[in-house]
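Survey of secondary and tertiary structure
Each chain, letter by letter, is given below.
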Amino acid sequence: MIKIENNKTIDVTEVRIRRISSNNLIAIASVTLNDELIINDIYVSNIDGAIVIKMPNSEFATKNRQYSIVPQQKLFHKIKSAIIEKINA
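1. Describing the overall build of the chain
A count of helical and extended segments in the chain gives two helices and four strands. With the principal axes as the frame, the chain shows a C-alpha extent of 45 × 35 × 20 Å. When the 89 residues of the chain are sorted by exposure, 26% land in the buried category. Contacts in the chain between residues at least 24 apart in sequence constitute 28% of all its contacts with a sequence separation of at least 6. When the accessible surface of the chain is split by element, carbon and sulfur atoms take 49% of a total near 6900 Å².

2. A short note on the side chain of Ser45
If you trace the backbone, Ser45 turns up in strand S3 (residues 37–47). Setting aside its immediate chain neighbours within four residues, Ser45 contacts Asn24, Leu25, Ile26, Ala50, Ile51 and Val52.

3. Section: the pattern of salt bridges
Where charged atoms of side chains with opposite charge meet at close range, the side chains can pair. Across all of its chains, the model carries two salt bridges by this definition. Where Lys78 meets Asp11, a salt bridge forms, and the shortest distance between an N and an O atom there is 3.6 Å. Here Lys78 is found in helix H2 (residues 73–88), whereas its partner Asp11 is found in the segment before strand S1 (12–22), with 67 residues between them in sequence. Accessibility expressed as a relative area gives 29% for Lys78, which makes it partly exposed. For Asp11, a relative accessible area of 37% gives the class partly exposed.

4. Quick look at the pairing of strand S2 (residues 25–33)
Two faces, one strand: in a regular strand the side chains alternate between the faces of the sheet. Counting buried positions over the nine residues of S2 gives eight, a clear majority of the element. Sheet analysis places S1 next to S2, joined by eight bridges and oriented antiparallel. In the strand pairing of S2, Glu14 is matched with Thr32. As consecutive antiparallel partners, S1 and S2 are separated by two residues, and within that stretch Asn23 has a phi angle of approximately 50°, a positive value. Between S2 and S3, which pair antiparallel one after the other, the connecting turn spans three residues, and Asn34 there sits at a positive phi close to 50°.

5. A word on the nonpolar core
Note that soluble globular proteins tend to have their nonpolar side chains buried in a common cluster. Counting residues in hydrophobic clusters, the biggest one holds 15 residues, and the most contacted among them are Val31, Ile42, Val44, Ile53, Ile79 and Ile83. At the level of elements, S2, S3 and H2 are the ones that each hand at least two residues to this core. Looking at which element gives the most residues to this core, the answer is H2, with five residues.

6. Some points on the pairing of S3
Bridge count between S2 and S3: seven bridges; the pairing is antiparallel. Within S3, the residue paired with Thr32 across the bridge is Ile38. Taken together, S3 and the strand that follows it, strand S4 (residues 50–54), pair antiparallel across an intervening segment of two residues, in which Asp48 is found at a positive phi of about 55°.

How each quantity is defined
Residues numbered from 1 in each chain as written. Predicted model: local features only at pLDDT ≥ 70, side-chain atom pairs only at ≥ 80, totals over all residues. Heavy atoms only, no water. Helix = DSSP H or I, 4+ residues; strand = E, 2+ residues; numbered from the N terminus. Buried < 20%, exposed > 50% of the residue type's maximum accessible area, 1.4 Å probe, protein only. Contact = heavy atoms within 4.5 Å. Areas by Shrake-Rupley, 256 points an atom, 1.4 Å probe, with all protein chains shown as cover. Salt bridge = Lys/Arg side-chain N within 4 Å of Asp/Glu carboxyl O. Pairing = 2+ DSSP bridges. Core = buried A, V, L, I, M, F, W, Y, C linked by side-chain atoms within 4.5 Å.

Okay, structure coming up:
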């Protein structure tokens, strides 16, 4: 069992971008959290001028209309902001 302190925060410590030009898809991102957890295959799209990210799915999750990785809203926005900042750099 992993015990997490109540005041511990999760930070995006690295973002890697692989640019792609295919329809609305503009990149595939990998994000590292607290230098300990890497989330690969985050799809980054430009839909009607807005950047949209889609978390990775396993085949099972896709069949059941779920995501494999589901960050809570606050962490999701941290991840999205870090990806957008890296793309715009």
